[in-house]
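What follows is the residue order along each chain.
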Amino acid sequence: MELTLLGLGAMGTALARAWLAAGYPLTVWNRTAGRAAPLAAEGAAVAATAAEAVAAGDLVVVCLLDDASVGEALAGVDLTGKDLVNLTTGTPAQARARAEWAESRGARFLDGGIMAVPPMIGVPESGGYVLYSGSRALFDARHDALAVPAGARYVGTDPGFAALHDVALLSAMTGMFAGVSHAFALLRGEDLAPKDFAPLLVEWLTAMAPAAYEIAGQLESGDYTEGVVSNLAMMVEGNATLLRTAEEQRVSAELLIPFTALMERRLADGHADEGTTGVIELLIR
Ligand code: FVH
């Protein structure tokens, strides 16, 4: 099998190194040609154009900045008979449109969402993985190669599902970083070392994370009071202390307010016995 990789940014370069280290024959292309030189020294064949690179491979992996750059790089390139795997981060709608676009050009298509940063690529114990959706036949046929840089997890035939999972996970991470930023801001100016607080923070977030299972169970059953330990009435009361402490510590509560306001709205709607699951209802447009 001949493998082609388009895109040698931080992530593309890490992917290329993983495949080269595993002994895969690899052709690479990058818009800025100079970025390919170190990989050429490591055994990659370097194509002068994207079309030349695609022609050299059966399995063509694309890892560019965004969906627009994928469209630009592959414009007019013959994809007939190719297995195209797009590891460029995009939205579910972009992935679905890209799948249609690729299939209409005679390619099988798989979209991927990389749940790893470049140093985790090619390091199995890092726990990094890639979510894939789209052609199951492509995933099965190319699984061994796809599993080289990081674990390969298939999430469905809908080509938008990998991006949907990816963005949902990244969105949850964004909320976590918001909370962590607020927590460290509260400590600022006190005789407390951030490095002493960090282990407590990690331990607490890890202990709280399984609440996601409870929320999922309630969403499945439709009963948002099922198994509730900390109810909304109590939590809204507690939020007042969070907001007051922020004020005392001279910290802006702007990261907390959107979520606490939604909790208050749900409580005002008469859902005191729920946990936070009902907030989801307020988010759906
Ligand atoms: N790096 C990370 O931590 C994250 C981890 C999760 C997944 N993301 C996504 O992976 C895609 C690539 O990310 P990257 O880290 O490789 O990004 P850059 O280092 O900025 O490299 C960008 C490459 O895209 C090429 N490029 C940009 N625009 C075009 C274009 N119009 N036509 C052709 N190529 C284009 C760029 O080429 P050049 O600037 O060197 O010429 C780089 O090869 C991305 O979707 C992340 O969200 C990474």
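Taking an unreviewed UniProt entry as the reference, the chain is identified by name as NAD(P)-dependent oxidoreductase belonging to Herbidospora galbida. Its UniProt record gives the chain the following Sequence similarities (unreviewed entry) comment, quoted word for word: "Belongs to the HIBADH-related family."

Draft legend 1. Layout of the packing of helix α11 (residues 232-248) against helix α12 (residues 257-268). Taken N-terminus to C-terminus, the directions of α11 and α12 make an angle of 145 degrees; their axes are 10 Å apart at the nearest point. The interaxial crossing formed by α11 with α12 has left-handed handedness. Facing L232, A233, M235, V236, N239 and L243 of α11, the residues of α12 in contact are I257, T260, M263, E264, R266 and L267. Partitioning the contact of α11 with α12 into residue classes produces eight nonpolar, two polar and two charged.

Draft legend 2. Examining the site of the ligand more closely. Near the ligand lie 21 residues; those nearest to it are M11, N30, T32, R35 and T89. The side chain of N30 places a nitrogen or oxygen atom 2.7 Å from an oxygen atom of the ligand. In this structure, an oxygen atom belonging to the ligand sits 2.9 Å away from a main-chain N or O atom of T89. Look at the ligand: alone it shows 910 Å² of surface, and the protein chains cover 78% of it.

So, how was this worked out
Residues numbered from 1 in each chain as written. Predicted model: local features only at pLDDT ≥ 70, side-chain atom pairs only at ≥ 80, totals over all residues. Heavy atoms only, no water. UniProt positions renumbered as here; feature names shortened; annotations may be inferred. Axes fitted to C-alpha atoms, helices over the stretch in contact; angles between N-to-C directions. Helix = DSSP H or I, 4+ residues; strand = E, 2+ residues; numbered from the N terminus. Left-handed = near helix turned anticlockwise from the far one by under 90°. Contact = heavy atoms within 4.5 Å. Nonpolar A, V, L, I, M, F, W, Y, C, P; charged D, E, K, R; others polar. Near = heavy atom within 4 Å. Polar contact = N/O pair within 3.5 Å; in protein donor to acceptor, adjacent residues only side chain to side chain. Areas by Shrake-Rupley, 256 points an atom, 1.4 Å probe, with all protein chains shown as cover.

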